Amino acid sequence: MLTQRQLFLQYNAQTTLAPLLLEFSRAKGIYLYDTAGRAYMDLIAGIGVSNVGHCHPEVVRAVKDQAESYMHIMVYGEFVQSPQVNFAKALADLLPDPLHCTYFVNSGTEAVEGAMKLAKRFTGCTEFIACNNSYHGSTQGALSLMGNEEFKQAYRPLLPDVKFIDYNNVKDLERITSKTAAVFIETIQGEAGVRIADKAYFKALRQKCTETGTLLILDEIQCGFGRTGKMFGFEHFDVVPDILLLAKGIGGGMPIGAFISSREIMLSLATNPILGHITTFGGHPVSCAAGLATLKTIVRENMVAGVRSKGELFKELLVHPMIKSVRGIGLMIAIEFENFDLNKKVIDACIEDGVISDWFLHCSNAMRIAPPLIITKEEIIKACSIILKNISSSSAA
Ligand code: PMP
């Protein structure tokens with residue numbers, strides 16, 4: 001009889017020729033448990049998803065309750081579905097003006113697609129500006145915004161009219177003009193290996209967009225929902241976007257994404273023609289119920305409060321002659337090594353030792369640290385000692 005692993009390789013599509021092939025039967029808090037019952041510390045939270053920890057009891061309860069009431073009943077936007085209403089209202093209560101109108105989708109990349117269409121409709125322009133080394137998703141619109149030719153050249157032709165600027169380069173902001181529909185930018189660049197811009201840069205960017213009538217679209221799909229030590233990344237920079245993109249962590253482990261703007265801007269998708277953006281499963285009631293439970297849990301358990309000091313503890317502990325730098329904000333951290341080879345050796349050795357991490361798409365010489373926000377100081381100390389041990393053994397080998 002074939003094993004699950006063999007069946008996976010035979011019947012499931014692969015995204016690389018060398019998948020990790022770990023097999024887990026259960027997840028709880030910051031741990032994943034393999035089929036033999038061995039615990040692995042999840043230092044990447046399913047890539048920035050399980051911010052409240054895996055299978056948080058409040059999220060699981062919300063999922064079960066909603067699944068028993070109703071699951072899918074109608075395409076998004078027609079029926080009044082209370083899980084969608086309650087989650088959108090809770091988000092609006094947390095967000096500043098004018099971010100009070102939410103369009104729910106299923107994933108991060110769909111939030112990007114929806115926002116691209118919305119920006120075109122609202123401004124009447126077609127030009128987009130994005131950043132070098134950005135990642136906004138894998139569908140063709142989002143891929144057009146990706147600032148890394150290596151990953152997109154095989155899929156051309158993509159959308160025309162996309163220009164690229166350097167992240168955190170004030171001079172480049174001159175390229176934003178009245179012809180630019182929107183600037184798409186990650187508040188903290190994730191796949192570039194955790195790059196953090198200056199406050200002055202975001203201020204200048206906001207001002208330039210306002211002057212040119214360009215929509216500022218902040219992608220907080222990876223950095224959002226508490227990960228940076230504030231609920232939303234833009235709070236660090238004292239700017240408010242015209243459209244905010246969320247996904248990953250907002251569903252507490254369930255699939256959901258959102259683009260959020262003002263009611264005025266959002267109305268462009270509802271008129272001339274109507275049904276400007278439609279989705280069957282967007283804002284799935286079970287995902288919205290999970291999202292609301294996630295949000296309430298983060299607030300009630302004050303999870304964001306400890307994030308900064310936990311991030312600092314990682315930085316304090318991660319000192320080794322083979323580490324070139326440790327960049328990060330809150331629990332979104334990159335450990336940079338000399339090259340990919342060493343990084344990969346350390347990552348593999350850590351997995352052997354029950355600590356899961358990986359590298360970044362546009363920064364393959366850096367190791368990703370993005371654990372659930374509930375990680376304790378003791379767990380951080382343990383994780384760092386395993387990482388340091390494996391840096392020593394991998395660099396000696
Ligand atoms: N934007 C950013 C900043 C991301 O990190 C990601 C996912 N890594 C996406 C968009 C796309 O999200 P999804 O994989 O849910 O489509």
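Look up: the structure comes first, before these words.
Treat the numbers as computed from the prediction; the structure is a model and nothing was measured.

## Considerations on the overall build of the chain
Stage number 1. If you tally the helices and strands in the chain, you get 13 helices and 17 strands.
Stage number 2. Taking 397 residues into account, the globule formula puts the C-alpha radius of gyration at 21 Å, and the chain, at 21 Å, falls close to it.
Stage number 3. Across its three principal axes, the chain shows a C-alpha extent of roughly 60 × 55 × 45 Å.
Stage number 4. In the chain, which comprises 397 residues, the proportion classed as buried is 53%.
Stage number 5. Long-range contacts, defined here as pairs at least 24 residues apart, represent 72% of the contacts in the chain between residues at least 6 apart.
Stage number 6. With 38 positive and 40 negative side-chain charges, the chain shows a separation of 1 Å between the mean positions of the two kinds.

## A closer look at the packing of aromatic side chains
Stage number 1. Evaluated as defined, the whole model comprises 12 aromatic pairs.
Stage number 2. Measuring from ring centre to ring centre gives 4.8 Å for Y103 and F259, while their planes differ by 10°; the resulting arrangement is stacked. Residue Y103 is found in strand β4 (residues 101-105), and its partner F259 is found in strand β12 (residues 257-261); the two are separated by 156 residues along the sequence. Residue Y103 shares its accessibility class with F259, and that shared class is buried.
Stage number 3. Their ring planes at 45° and their centres at 4.6 Å tell us that F202 and F237 sit as a pair that is tilted. One end of the pair, F202, is in helix α8 (residues 199-212); the other, F237, is in the loop between β10 (215-219) and β11 (243-246), and 35 residues separate them in sequence. Pair check on accessibility: F202 and F237 agree, each one buried.
Stage number 4. In textbook terms, an aromatic cluster arises when at least three aromatic residues are bridged by ring pairs, as seen for Y167, Y201, F202 and F237.
Stage number 5. The lysine or arginine in question, R38, covers the ring of Y40, its NZ or CZ lying 5.0 Å from the ring centre.

## Describing the sheet that holds β12
Stage number 1. What the seven strands build is an open sheet, ordered β4-β12-β11-β10-β7-β5-β6; its pairing is mixed. Of all strands in the sheet, those bounded by a partner on one side alone are β4 and β6 (162-165). Here the strands of the sheet are splayed against their neighbours by 20° on average, with no regard to which way each runs.
Stage number 2. The sheet contact formed by strand β5 (residues 127-131) and β6 spans four bridges and is parallel. Paired with F128 across the bridge in β6 is V162.
Stage number 3. Of the strands in this sheet, β4, β11 and β12 are in contact with helix α4 (residues 82-94), which crosses β4 at around 130°.

## Regarding the pattern of salt bridges
Side chains carrying opposite charge are able to pair once their charged atoms draw close together.
Stage number 1. By the definition in use, this model includes 15 salt bridges.
Stage number 2. The closest approach of N and O atoms between K163 and E127, which form a salt bridge, is 3.0 Å. Of this pair, K163 sits in strand β6 while E127 sits in strand β5; the two residues are 36 residues apart in sequence, bridging distant segments of the chain.
Stage number 3. Its relative accessible area of 31% is what places K163 among the partly exposed residues.

## Observations regarding the packing of helix α3 (residues 57-69) against helix α10 (residues 285-300)
Stage number 1. Running from amino to carboxyl end, α3 crosses α10 at an angle of 150°, the nearest separation of the two axes being 8 Å. Taken together, α3 and α10 sit at an angle that is classed as roughly antiparallel. Like other packed secondary-structure pairs, α3 and α10 cross with a definite hand, here right-handed. Residue-level contacts link E58, V59, A62, V63, Q66 and A67 of α3 to P285, V286, A289, A290, A293, T294, T297 and R300 of α10.
Stage number 2. A breakdown of the residues in the contact of α3 with α10 according to their chemical character gives nine nonpolar, three polar and two charged.

What counts as what
- Residues numbered from 1 in each chain as written.
- Predicted model: local features only at pLDDT ≥ 70, side-chain atom pairs only at ≥ 80, totals over all residues.
- Heavy atoms only, no water.
- Helix = DSSP H or I, 4+ residues; strand = E, 2+ residues; numbered from the N terminus.
- Rg over C-alpha atoms; globule rule 2.2 N^0.38 Å.
- Buried < 20%, exposed > 50% of the residue type's maximum accessible area, 1.4 Å probe, protein only.
- Contact = heavy atoms within 4.5 Å.
- Lys, Arg positive; Asp, Glu negative; His and termini not counted.
- Charge placed at Lys NZ, Arg CZ, Asp CG, Glu CD.
- Phe/Tyr/Trp six-rings, centres within 6.5 Å; stacked < 30°, edge-to-face > 60°.
- Lys NZ or Arg CZ within 6 Å of the ring centre and 35° of its normal.
- Pairing = 2+ DSSP bridges.
- Axes fitted to C-alpha atoms, helices over the stretch in contact; angles between N-to-C directions.
- Salt bridge = Lys/Arg side-chain N within 4 Å of Asp/Glu carboxyl O.
- Parallel < 35°, antiparallel > 145°, perpendicular 65-115°, else oblique.
- Left-handed = near helix turned anticlockwise from the far one by under 90°.
- Nonpolar A, V, L, I, M, F, W, Y, C, P; charged D, E, K, R; others polar.

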